[in-house]
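Here is what each chain is made of, one letter per residue.
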Amino acid sequence: MEEEQNPSETLKLIPNGPPNQPRKQPPSPLAALLLQPIQWLQMLCKQLNPTFILGIALVYGLSQGFSNSFFKVVTDFYWKDVQKVQPSVSQIYIGFYYIPWILKPVWGLLTDVFPVKGYRRRPYFVVAGVVGAVSAAVVAVSGNLPVAVALGCLIGITAGVAIADVTIDACIARNSIEMRSLAADMQSFSGFCSSAGALLGYSTSGIFVNRLGAQGALGVLVAPPAMLVVLGFVIHELRGPNLPSHSKRKEFVGMIYAVGAMASILGILIYHKTLKEYPFRTLLFFAQLIYSISGFLDVIFILRWNLQLGLPDYLFVIMEECISRVVARVRWMPMIILSTKLCPLGIEGTFFALLMCIDSLGSLSSKWAGGLVLHLLHVTRSDFTNLWLVVLIRNVLRLATLALIFLVPNVGQADEVISSDFLDNSSWSVVGKEDEELQTCLNDDDEL
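Residues numbered from 1 in each chain as written. Predicted model: local features only at pLDDT ≥ 70, side-chain atom pairs only at ≥ 80, totals over all residues. Heavy atoms only, no water.

A. Layout of the overall build of the protein chain. A tally of regular secondary structure across the protein chain gives 18 helices and 0 strands. Carbon and sulfur atoms make up 66% of the accessible area of the protein chain, which totals about 27600 Å². (Helix = DSSP H or I, 4+ residues; strand = E, 2+ residues; numbered from the N terminus. Areas by Shrake-Rupley, 256 points an atom, 1.4 Å probe, with all protein chains shown as cover.)

Structure below.
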């Protein structure tokens, strides 16, 4: 009788596979190193949306990396060979390229506050592409362009790059918040694309300038913004409402005040460039008049007349905030200058602080009086029926202050408001009294 065979020994006799099939060898270290970036990119595309990864590659690699480096080299030759300007002048023109980058907060506010058809990012890729492509095409095709037109086109090219950069940065920031573990990977991929694009741009710019000339080489810059237009139609973005939702009202209010702060800066620039030569009385009269009239925008909003004019609430509120901030700043600047000119020598700090204290008391009284009027007219958290009347009273009081404009000195802002002899006498009297007191103390010490 045959002995039973052990099952484990039987399994050992069964081959693992066909005898001719080779075993799968692990990849070599070099192949594994080459495959690692591809696997990393596949991971990013799997975890994030592939169109978002495409957007990073196009914006950072093609638009920012390639276009910026190519643009830098080609425009130097354009100013030298085509426009034939001096190096010192070309440096001034090159400085204007940075204006769109300085305005990056503006582009960011536009993408956050002004959605188009419910999309906050996609339309601005299209806008960036159209602005950049049209600007590059005009300067490349048109011959003998005036310097101002050529400079405007070149600024338009940089504006397209800057707007796209802000928009993709907003997308990256959003994805970094939602997927914190991939934040570093997204920044690494962005930096790689930018460096690779810059390498390509610098290495090919001289070739294109040599073959096509500086003006013709600028035509190459039509391609990157054209790809941004395509990106605006294909990149994934969830469509939301045009108006801020209830959960985002606080965020929207903050954005309104941010826009107002930028408008305040604009008011300072307007004053500095065009209004600082006008007399105090004239400037303050018209500033207060416009300030009073602009207050009626609140009445229009409360009565919902803006909707009859076709202006949505969010747009009208931002417009009203900008106007009021600009006017308020133009109105405030000459008042500060006049206050400094009224300060006697020797007690400047005390007197200026007194004037600012009067202003603060005015603000305090206006708040308290406003609260009283709201209470008397029964304006509550749920009843705004008489709110328009409260705002109307406020605007009438603003107009009433014009009756006191004759108290403002009718002199230029650079002129003397108080006689220098009076200031000198006042200062000398103060100093004289201090000297007399010091001399008396010395005499008393001598007698002792």
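Read on, since the account is not over.
B. Spatial organisation of the packing of aromatic side chains. A full pass over the atoms with the stated rule returns 8 aromatic pairs. Geometrically, the ring pair formed by Trp40 and Phe189 is edge-to-face, given 6.1 Å between the ring centres and 75° between the ring planes. Of the two residues, Trp40 is situated in helix H2 (residues 29-47) and Phe189 in helix H9 (residues 183-217); the sequence distance between them amounts to 149 residues. Members of the aromatic cluster, connected to one another through ring pairs, are Phe66, Phe70 and Phe208. A cation over a ring is seen here: Arg122 above Tyr119, with NZ or CZ 4.9 Å from the ring centre. Residue placement shows Arg398 over the ring face of Tyr291; its charged tip is 3.9 Å from the ring centre. (Phe/Tyr/Trp six-rings, centres within 6.5 Å; stacked < 30°, edge-to-face > 60°. Lys NZ or Arg CZ within 6 Å of the ring centre and 35° of its normal.)

C. Spatial organisation of helix H8 (residues 147-178). Its 32 residues give H8 an end-to-end C-alpha distance of 47 Å, which sits within 8% of 46 Å, the value for a rise of 1.5 Å per residue. H8 sits mainly inside the fold: 23 of its 32 residues count as buried. (Expected span 1.5 Å × (residues − 1). Buried < 20%, exposed > 50% of the residue type's maximum accessible area, 1.4 Å probe, protein only.)

D. Representation of the side chain of Glu237. Inspection of the secondary structure assignment puts Glu237 in the loop between helix H10 (223-234) and helix H11 (249-275). From its side chain, Glu237 meets the backbone nitrogen of Arg121 in a polar contact 3.1 Å long. (Polar contact = N/O pair within 3.5 Å; in protein donor to acceptor, adjacent residues only side chain to side chain.)

E. A look at a nonpolar patch on the surface. Taken together, the side chains of Leu54, Val230, Phe233 and Val234 define a hydrophobic patch exposed on the protein surface, amounting to about 370 Å² of accessible area. Of note, Phe233 is situated in helix H10. (Patch = residues over 30% accessible without salt bridge, like charges linked within 9 Å, V, L, I, M, F, W, Y side chains within 5 Å. Salt bridge = Lys/Arg side-chain N within 4 Å of Asp/Glu carboxyl O.)

F. Inspection of the packing of helix H3 (residues 50-82) against H8 at higher detail. The geometry of H3 relative to H8 is characterised by a closest axis approach of 10 Å and an angle of 155° between their N-to-C directions. Taken together, the axes of H3 and H8 lie roughly antiparallel to each other. Like other packed secondary-structure pairs, H3 and H8 cross with a definite hand, here left-handed. Of the residues assigned to the contact of H3 with H8, the class counts are 17 nonpolar, 8 polar and 2 charged. (Axes fitted to C-alpha atoms, helices over the stretch in contact; angles between N-to-C directions. Parallel < 35°, antiparallel > 145°, perpendicular 65-115°, else oblique. Left-handed = near helix turned anticlockwise from the far one by under 90°. Nonpolar A, V, L, I, M, F, W, Y, C, P; charged D, E, K, R; others polar.)

Treat this as a map of the structure, not an account of what it does.
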